[in-house]
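# Structure at a glance
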Amino acid sequence: MSDDQLMTIREMCDLFEVTPRTLRFYEQKELLFPIREGQKRLFTRRDRARLKLILRGKRFGFSLEEIRQLLELYDKGDQQRTQITRSHEIGQERLADMIRQRDDLTMAIEELKEQLAWGEQMLRELERKAG
């Protein structure tokens, strides 16, 4: 596939492992801008690059609004400096959130393990008393 080749919705779905509904959703949200030929949608190299960034942003937990803002910064004309700077800022915030969530989850897991160990000990004691 050459860089400037147009892709159908099916080809995009296969390449990015998404559903047609997902692509139509991003189009409706004005994140993708396929060429329309009647009912047919044709996606450009730019659409492919944008979808790659959208999916990466979603995987990292960015909101659609944050992703939209970052995509809009691409066209600012400063060799992507503003876009990269803002992406880095949002990424740092998201990383801090993910670390907090991981730490909270680790603490909850340890507490649950302690409760399970206590429950097992209590069951053993009850079995001893009954036996």
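Just so it is clear, the structure is predicted and the values come from calculations on it, not from any experiment.

## Focus: the overall build of the protein
Per the secondary structure count, the protein includes five helices and three strands. The order of helices and strands in the protein, counted from the N terminus, is β-α-α-β-β-α-α-α. Computed over the C-alpha atoms, the radius of gyration of the protein is 24 Å, more than 25% above the 14 Å expected from 2.2 N^0.38 for a compact globule of 131 residues. If you line up the protein on its principal axes, its C-alpha atoms span 80 × 35 × 25 Å. Out of the 131 residues belonging to the protein, those deemed buried represent 23%. When the accessible surface of the protein is split by element, carbon and sulfur atoms take 52% of a total near 9,900 Å². If the 26 positive side-chain charges of the protein are averaged to one point and the 25 negative ones to another, these points end up 3 Å apart.

## What to know about the pattern of salt bridges
Scanning all chains against the criterion turns up eight salt bridges. The shortest N-O distance in the salt bridge between Arg10 and Asp14 comes to 3.5 Å. Separated by four residues within a single helix, Arg10 and Asp14 lie in helix α1 (residues 9-16), roughly one turn from each other. Residue classification places Arg10 among the partly exposed positions, given a relative accessible area of 46%. Overall, Asp14 belongs to the exposed group, its relative accessible area being 52%. Between Arg102 and Asp103 there is a salt bridge, and its shortest N-O distance comes to 3.6 Å. Here Asp103 falls in the partly exposed class, since its relative accessible area comes to 39%.

## Description of helix α2 (residues 20-28)
Where α2 is concerned, the buried positions are Leu23, Tyr26 and Glu27. Along the long axis of α2, the arc covered by the buried residues comes to 105°, so they all point the same way. For α2, exposure combined with an orientation more than 90 degrees from the buried face picks out Arg21 and Gln28. Structurally, α2 contributes buried residues whose contacts are with α1, β2 (35-37), β3 (40-43), α3 (45-59) and α4 (64-73). In the stretch just after α2, Glu30 is the one whose phi turns positive, near 60°.

About the thresholds
- Residues numbered from 1 in each chain as written.
- Predicted model: local features only at pLDDT ≥ 70, side-chain atom pairs only at ≥ 80, totals over all residues.
- Heavy atoms only, no water.
- Helix = DSSP H or I, 4+ residues; strand = E, 2+ residues; numbered from the N terminus.
- Rg over C-alpha atoms; globule rule 2.2 N^0.38 Å.
- Buried < 20%, exposed > 50% of the residue type's maximum accessible area, 1.4 Å probe, protein only.
- Areas by Shrake-Rupley, 256 points an atom, 1.4 Å probe, with all protein chains shown as cover.
- Lys, Arg positive; Asp, Glu negative; His and termini not counted.
- Charge placed at Lys NZ, Arg CZ, Asp CG, Glu CD.
- Salt bridge = Lys/Arg side-chain N within 4 Å of Asp/Glu carboxyl O.
- Arc of directions from axis to C-beta.
- Contact = heavy atoms within 4.5 Å.

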